[in-house]
Amino acid sequence: MPRRAKSELVKSTERVDSEDTLLFAGLLYAEGSSYELLRQRLVDLFCPIRLESAQKPWDYSEYYNEELGVPIMRRFVIFDTLIRSETLPDIKRRTVELERGLSIKGKRQYNVDPGYITLSKLVLATTKNYAHRIHLRDGIYGEVTLLFRGNSYVPNGFSYSDYSEAASVDFFKKGRELIHKSIVSSYCLCG
């Protein structure tokens, strides 16, 4: 079962119009970059990682090629952390700081996009505004990337292609099962 996060960043004492959610991150990095370094920094910032997707090539766009290098690899991680949904902008700010801290000569080596999973949706945090994104606060936007319908997550019209693939959807469904079990069985208040 997921744990509540130890960090002040990912918990809130006020429980108004919010919900417990399961923290995840989408990771992009060049094939030669150290995934283990990034993984350890994420664990240090948030909590142990509960689930990791397999590494796979990411060639959906050339947007990150100059900065990250090629070939670019993709992984998703789900943390052993329940967060309050209102903390997502703070978490995104921390991942932006992490990216900057790991930059070399002004170029990011990693792209880290955090988000959360609920029983009904997968929400992604971003610094990029667009018509289908809602400003949360402090220049951070939220996007409902996947909706749960029937027995699966389905993309919306703007969802990134790699989030919509069957392997990604199956991975996020495993995260949904974790939060579902924690809701049914009550929360583990570790940490």
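Shown above is the structure to which this text applies.
Keep in mind it's a predicted model, so treat the numbers as computed, not measured.

Draft legend 1. Geometry of the overall build of the protein. Looking only at helices and strands, the protein features 5 helices and 10 strands. Within the span of the protein, comprising 191 residues, buried residues form 49% of the whole. Restricting the contact set of the protein to residue pairs at least 6 apart, pairs at least 24 apart contribute 71%. Per element, the accessible surface of the protein, about 9500 Å² overall, is 50% carbon and sulfur.

Draft legend 2. Seen up close, the pairing of strand β8 (residues 134-137). Both β8 and strand β9 (residues 140-149) contribute to a ladder of 3 bridges, which runs antiparallel. Note on β9: the bridge partner recorded for H135 is Y141. Between β8 and the antiparallel strand that follows it, β9, lie 2 residues; D138 among them carries a positive phi value of about 55 degrees.

Draft legend 3. Region of the structure containing the side chain of S168. Considering the arrangement of structural elements, one finds S168 in helix α5 (residues 166-185). A polar contact of 2.6 Å, which involves the side chain of S168, links it to the backbone oxygen of D162. In this structure, S168 is in contact with K56, F76, D162 and Y163, ignoring residues within four places of it in sequence.

Draft legend 4. Here's a closer look at the pattern of salt bridges. Enumeration over the complete set of coordinates arrives at 10 salt bridges. Here R133 makes a salt bridge to E143, at a shortest N to O gap of 2.8 Å. Of this pair, R133 sits in the loop between β7 (121-126) and β8 while E143 sits in strand β9, placing them 10 residues apart in sequence. Comparing R133 with E143 shows no difference in burial state: the two are buried.

Basis of the calculations
- Residues numbered from 1 in each chain as written.
- Predicted model: local features only at pLDDT ≥ 70, side-chain atom pairs only at ≥ 80, totals over all residues.
- Heavy atoms only, no water.
- Helix = DSSP H or I, 4+ residues; strand = E, 2+ residues; numbered from the N terminus.
- Buried < 20%, exposed > 50% of the residue type's maximum accessible area, 1.4 Å probe, protein only.
- Contact = heavy atoms within 4.5 Å.
- Areas by Shrake-Rupley, 256 points an atom, 1.4 Å probe, with all protein chains shown as cover.
- Pairing = 2+ DSSP bridges.
- Polar contact = N/O pair within 3.5 Å; in protein donor to acceptor, adjacent residues only side chain to side chain.
- Salt bridge = Lys/Arg side-chain N within 4 Å of Asp/Glu carboxyl O.

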